[in-house]
Structure formats: C-alpha cells, structure tokens
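Structure at a glance
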Amino acid sequence: MPEPDLLVTKFTVPPVRSALLHRSHLLEVLDQSCSVPLTLLLASAGFGKTTLLSVWASQRTSQVAWVTLDNQDNDPTRFWAYVIAALRHSGSRLSAVGEPAEALLHSSQPSLLTSALTSLINELAALAQDTVLILDDYHLIGEPAIHESLQFVLDHLPSCLHLLLASRSDPPLALARLRVRGQLVEIRDTDLRLDSGEAASFLTRVMGLTLSEEEIGRLEQRTEGWVAGLQLAALSMRKYHDMSAWISAFTGSHRLILDYVQEEILEPLPEGLQRFLLQTSVLDRMNAEVCQALTGEQASQQILESLERAHPARAGGTPAPGGSALVSAAGMAA
C-alpha cells in the first residue's frame, strides 16, 4: 500500500483517450530506445508528450513505472518515495521493492540518500525484472540534489531498468557523455510536429472536421504541426459554417491560442524572463546587444545563453525551436 501522503494518481499511467492520432513511427522509436539506459522526450507544451507516452506504456509487455511530477516533488525524499511507489505499482514482481531504501530515505541523516539509492539499485539488479521508469514533467524539478541523485542512478543503472524522462527542457545531467557512448535516445519538438498526412488524419478523423486538402495544408502550415495549435483551431472552427473564411483569418493571435500560450508557456516562467521575452518579441532577429538596447537588461547575453541551453539544437544538427520559439510565444501573448 502507498504511504498516506502519496497520491496514487501520480504513479498511475494516464488513461488512453478513445480518439487519438496513432503515431506508429514514434512508438517504434520508443520501443527501440529501451536498448539504451536513457530516453529523453523533450518538447514545449502542447506537443503531445504525455499522450504519446501513455499510448506507448499501455502497449508494453514489460513493466512500466510512471511518475507524474509537480513542483512539490523538489524534495529528494518525496521524489524517490514516489519512484519506489511507482516501481511497486508496476507489477507483482516489484510489489515489495525498496523497503530498505525507503527506511534510509526517511532517516534523519541526509547523507544516507546515496546509500538508499545503492540499496534500491542492488535490489532491482537482483530481481532482474525488465522495467521502464517514466518521469513525466521533469522540467518542474529544480532541486540540484535530485539531479545529482538521478545522475548517480544513471551511472549505475542495472541492465533491467530503462529510464525515460519527458520534459520541456534539457535536464542538467551528463547528456554529452551518454551521447558519445551511444547510450541516449532523444525525441524532440521537430520529431513531434505533425506532418501534412498526420495533420489531415488528426483534423478529420480525431477532430471530426470535413476540410479540403488545401484547407488542411493551410492549418498545418500556420500551426507548424503543433498539435495543441491544431486542436484549438479545430475546436474553434466547429462554431462556424464558413470554415474556409475562418482558416484564412486564423493566426497565432486567436484567443484560444493566446490563452493556452499564456497559461502553459509564459506563466510558469520567472517574471523577469517573461518581461524580457515580451519586450524582445518585436524582433525578427536578435543578439545580446540589440536585446540590451531594447530592454535595458545588462544580462541579455546570459539570458539568451540560458534559453539556448534549455532548448538546444537537436542531435544531428537540425535546429530545434528554442529561445526563438519562446519569443514568438511571448509575441502572440503580448
């Protein structure tokens, strides 16, 4: 039984919706990624990360342990208590796993965290039960001690355990080392964008709209394959008889788009960063000097570098929507 202060819904795989877009190529990538220690699913809000993972988890034959993280999990004891609860919840073979580790976690000595994780790793290795541990919304974790402890687990990960992190930004882990060793699979914004065929299937089959090929193409182009954008557009279009005219007038400044961007993308950011993004959203191109002249922010170079670190180019050299995407979002919400 979980501890009384642990929410069972946080370590339960989210239910799969009845109507959704089947993305077999991404499910196949996730299947293949289990041969390496770590998979990163990295994209901004509204790209369907959780939906994709819940579909994949529901189809797995091996055990899946799931934790949906939130801001309150920035405590090492709470964080790892949820991980242990998720492992126990994933199947009968692991129903009693982590008891010694849990006792060490709740010890009054913080130095025992490594000992607790060592105990947990040894126990999982001895059980040799193939398990995927999914940590959803990892971008909400900012506590350095948790990042360090997760790195420790990654460095000593038993072959039976695969770690999958879903996040809006790159976690502060030794990713470069894992890339060089071929121990990391990355799925990013550009991989999650819907192509024209997927956009057509989503709008007609999932959202139930009757649109021409040209109309679908215009919506796909204006949303750049962003799933949330297409869904919000489709919800709005249901109220109108002349869909072609509505699509012609559709832009990123539509009210539902603005509400989503404001709530999901801008509000979670620190106030200073929100202000910087809003002020620089008028620029088509930027550098630190231009940003500083426009905003008066002396740390413009550091801010741009932090945005780039949080949203870097994807592996292989293809640019990912990074800081510039946030600026565009800020511009829509301004």
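Computed from a predicted structure; not experimentally measured.

Description of the overall build of the chain
A count of helical and extended segments in the chain gives 17 helices and 5 strands. Taking all 334 residues of the chain together, the buried fraction comes to 47%. Sequence separation of at least 24 residues holds for 73% of the intrachain contacts in the chain that already meet a minimum separation of 6. Carbon and sulfur atoms make up 52% of the accessible area of the chain, which amounts to about 16,200 Å² in all.

Looking at the pattern of salt bridges
Under the counting rule described, the total for this entry stands at 12 salt bridges. Note that Asp73 is salt-bridged to Lys10, the shortest N-O span being 2.7 Å. Of this pair, Asp73 sits in the loop between strand S2 (63-68) and helix H3 (76-89) while Lys10 sits in the segment before helix H1 (24-33), and the two are 63 residues apart along the sequence. With respect to class, Asp73 is no different from Lys10; both count as buried. Between Asp73 and Arg78 there is a salt bridge, with the nearest N and O atoms lying 2.9 Å from each other. In this structure Asp73 comes out as buried when scored by relative accessible area, which is 0%. If you follow the salt bridges from partner to partner, you end up with Lys10, Asp70, Asp73 and Arg78 in one network.

Describing helix H5 (residues 113-127)
Its 15 residues place the ends of H5 21 Å apart at the C-alpha level, agreeing with the 21 Å of an ideal helix rising 1.5 Å per residue. Along H5, the positions that sit buried rather than exposed are Leu113, Ala116, Leu117, Leu120, Ile121 and Leu124. End-on, the buried residues of H5 take up no more than an arc of 130°, which puts them together on one face. Residue Ala128 follows H5 closely and has a positive phi angle near 50°.

Quick look at the nonpolar core
Counting 43 residues, the largest nonpolar core has Leu38, Phe79, Trp80, Leu135, Tyr138 and Leu165 as the members making the most contacts within it. Broken down by element, the residue count for this core peaks at 9 residues, all from H3. Setting aside residues no more than four positions away along its own chain, Phe79 makes contact with Leu69, Asp73, Leu135, Tyr138, Ile141 and Ile146. Counting 22 residues, the second-largest nonpolar core is a separate cluster that includes Leu52, Val55, Ala57 and Trp226.

Describing the packing of aromatic side chains
Tallying each qualifying case throughout the model produces 3 aromatic pairs. Judged by centre distance (6.2 Å) and plane angle (55°), the rings of Phe11 and Tyr82 are tilted. Here Phe11, found in the segment before H1, pairs with Tyr82, found in helix H3; they are 71 residues apart in sequence, far enough to count as distant. The pair formed by Phe11 and Tyr82 is uniform in burial state, with each residue classed as buried. Both rings, one in Phe79 and one in Trp80, keep their centres 5.1 Å apart while their planes meet at 80°; by these two values the pair is edge-to-face. Accessibility classification places Phe79 together with Trp80 in one group, the buried group. Through a chain of ring-to-ring contacts, the aromatic side chains of Phe79, Trp80 and Tyr138 assemble into a single cluster. Its guanidinium or amino end placed over the ring of Tyr82, Lys10 lies 4.7 Å from that ring's centre, counting from NZ or CZ.

Some thoughts on the pairing of strand S1 (residues 38-42)
Counting buried positions over the 5 residues of S1 gives 5, a clear majority of the element. Residues Leu38, Leu40 and Leu42 point to one face of S1 and Thr39 and Leu41 to the other, with burial holding for every one of them. Of the pairings in the sheet, the one linking S1 to strand S4 (residues 161-167) comprises 5 bridges and is parallel in character. From the neighbouring strand, Leu42 faces S4, where its bridge partner is Ser167. Here 5 bridges tie S1 to strand S5 (residues 184-188), and the two strands are oriented parallel to one another. Each bridged residue has a counterpart across the sheet, and for Leu40 the counterpart in S5 is Glu186.

Some thoughts on the packing of H3 against H5
Where H3 meets H5, the closest approach of the two axes is 12 Å, and the angle between their N-to-C directions is 10°. One element, H3, and the other, H5, form an angle in the roughly parallel class. Here H3 contributes Pro76, Trp80, Ile84 and Leu87 to the contact with H5, which in turn contributes Leu113, Leu117, Leu120 and Leu124. Its residues assigned to classes, the contact of H3 with H5 comprises 8 nonpolar, no polar and no charged.

Quick word on the environment of Leu273
Structurally, the position occupied by Leu273 is in helix H14 (residues 271-280). Excluding residues within four positions of it along the chain, Leu273 makes contact with Ile303 and Leu307.

Here is what the cut-offs are and how they apply
- Residues numbered from 1 in each chain as written.
- Predicted model: local features only at pLDDT ≥ 70, side-chain atom pairs only at ≥ 80, totals over all residues.
- Heavy atoms only, no water.
- Helix = DSSP H or I, 4+ residues; strand = E, 2+ residues; numbered from the N terminus.
- Buried < 20%, exposed > 50% of the residue type's maximum accessible area, 1.4 Å probe, protein only.
- Contact = heavy atoms within 4.5 Å.
- Areas by Shrake-Rupley, 256 points an atom, 1.4 Å probe, with all protein chains shown as cover.
- Salt bridge = Lys/Arg side-chain N within 4 Å of Asp/Glu carboxyl O.
- Expected span 1.5 Å × (residues − 1).
- Arc of directions from axis to C-beta.
- Core = buried A, V, L, I, M, F, W, Y, C linked by side-chain atoms within 4.5 Å.
- Phe/Tyr/Trp six-rings, centres within 6.5 Å; stacked < 30°, edge-to-face > 60°.
- Lys NZ or Arg CZ within 6 Å of the ring centre and 35° of its normal.
- Pairing = 2+ DSSP bridges.
- Axes fitted to C-alpha atoms, helices over the stretch in contact; angles between N-to-C directions.
- Parallel < 35°, antiparallel > 145°, perpendicular 65-115°, else oblique.
- Nonpolar A, V, L, I, M, F, W, Y, C, P; charged D, E, K, R; others polar.

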